[in-house]
Amino acid sequence: MIEPVSLPPELDIIVGSESKDFAVKAKRANPPKSSIFLVLFGAVWLGFTSIFFFAFLGPLFQGKEVEFMVNDMPTTAGPGHYKEAVLPAVLIGVFLLVGLGMLLGGLVMLFKKGGYYVGTPSRLISFSKGKYRSIDWEQFSGDIEVSGTDQKGNIALGMRTGRMVSSKNGPDRYVPDTLYIRDTKCL
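Q: When you look at the packing of aromatic side chains in this model, what are you seeing that I'm missing?
A: How two aromatic rings sit relative to each other is given by the distance of their centres and the angle of their planes. Applying the stated criterion to the full structure yields 7 aromatic pairs. Considering the side-chain rings of Trp137 and Phe140, the 5.4 Å spacing of their centres and the 45° angle between planes classify their relative orientation as tilted.

Q: Can you walk me through the nonpolar core in this structure?
A: The nonpolar side chains of a soluble globular protein tend to be buried, and buried together. One finds Val39, Leu46, Phe56, Leu57, Leu60, Val66, Phe68, Ala77, Ala85, Ile92, Leu96 and Leu103 forming the largest nonpolar core, which totals 12 residues. Of the residues forming this core, the biggest block, 5 residues, is contributed by helix H2 (residues 32-61).

Q: What is the right way to look at H2 in this model?
A: For an α-helix, 3.6 residues make a turn, and residues three or four places apart therefore share a direction. Considering bend angle alone, the principal kink of H2 is centred on Phe54 and spans about 35°. Here H2 has its buried residues at Ser35, Val39, Gly42, Leu46, Thr49, Ser50, Phe56, Leu57, Gly58 and Leu60. Check the buried side of H2 and you find it contacts strand S2 (66-70), strand S3 (73-77) and helix H3 (86-111). Residue Gly63 follows H2 closely and has a positive phi angle near 85°.

Q: Would you mind showing me how to read H3 here?
A: Between its first and last C-alpha, H3 extends 37 Å over 26 residues, near the 38 Å set by a 1.5 Å rise per residue. The set of residues buried in H3 consists of Ile92, Leu96, Gly99, Met102, Leu103, Gly106 and Leu110.

Q: Looking at this model, I keep getting lost on the pairing of strand S8 (residues 153-165). Mind explaining?
A: If a strand is regular, its side chains alternate between the two faces of the sheet. Pairing geometry for strand S7 (residues 140-148) and S8, over 6 bridges, is antiparallel. The partner of Val146 across the bridge, within S8, is Ile155. Hairpin connection from S7 to S8: 4 residues lie between these consecutive antiparallel strands.

Cut-offs applied
Positions within a chain are numbered from 1, following the residues in the order the chain's sequence is written. A pLDDT threshold of at least 70 governs which residues receive local features in this predicted model, and a stricter bar of 80 or more applies before side-chain atom pairs are shown or counted, although totals over entire chains, interfaces and linings include all residues. Hydrogens and waters are ignored; side-chain quantities use all the structure's heavy atoms. Two aromatic rings, drawn from Phe, Tyr or Trp (for Trp, its six-membered ring), form a pair once their centres lie within 6.5 Å of each other, and the interplanar angle then sorts them: stacked below 30 degrees, edge-to-face above 60, tilted otherwise. Put simply, a nonpolar core is a bunch of buried Ala, Val, Leu, Ile, Met, Phe, Trp, Tyr and Cys residues held in one set by side-chain atoms that sit within 4.5 Å of each other. The cut-offs for exposure are 20% and 50% of the maximum accessible area for each residue type, with area from a 1.4 Å probe on protein chains only; residues under the lower value are buried, those over the upper are exposed, and the others partly exposed. Every helix listed is a DSSP run of H or I at least four residues long, and every strand listed is a run of E at least two residues long, numbered separately from the N terminus. What we call the bend at a residue is the angle made by axes fitted to the seven residues finishing there and the seven residues starting there. The contact definition used throughout considers only heavy atoms, calling two residues in contact when any of these lie within 4.5 Å. By this rule, a helix spans an expected 1.5 Å times one less than how many residues it contains. Two strands make a pair as long as DSSP finds a minimum of two bridges between them.

Encoded structure:
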């Protein structure tokens, strides 16, 4: 049996005298599918780029020389003359930072805490970390996906707003926005 949990006082003030059709607390903010994809892609990107990092910069950190080509001319960088290695090191560093950013961004998305969601007859109110968003029910398309058990589940609500996505081999297509309520617990 689910024990009722009271809403934060700030959210009660926002709801005011409107009747509550439902109230849920989401454990997480984003669906695991997109978060895990970003984590895996970032890890692969970081792993692939680190091969170049260790192959090129590893010997420099050990005090050895590295030979490489610049404008079809053999160049050597090593102790005492690192200037030649600055540009390749910066390029490799940028790719490492991109991979690290994707990995960390995916982890943050995966573990980002959810918030409270309250449905009233006229709107859906989401509340998290002192900020709230009120969405009229008219903004939703009626496309709803629900998964889980009687005790805990996931809800995806399709919205009328979205964006056009172009593709090389086909026509542009409209992708609607989706509001995710993940790992919900009824209040």
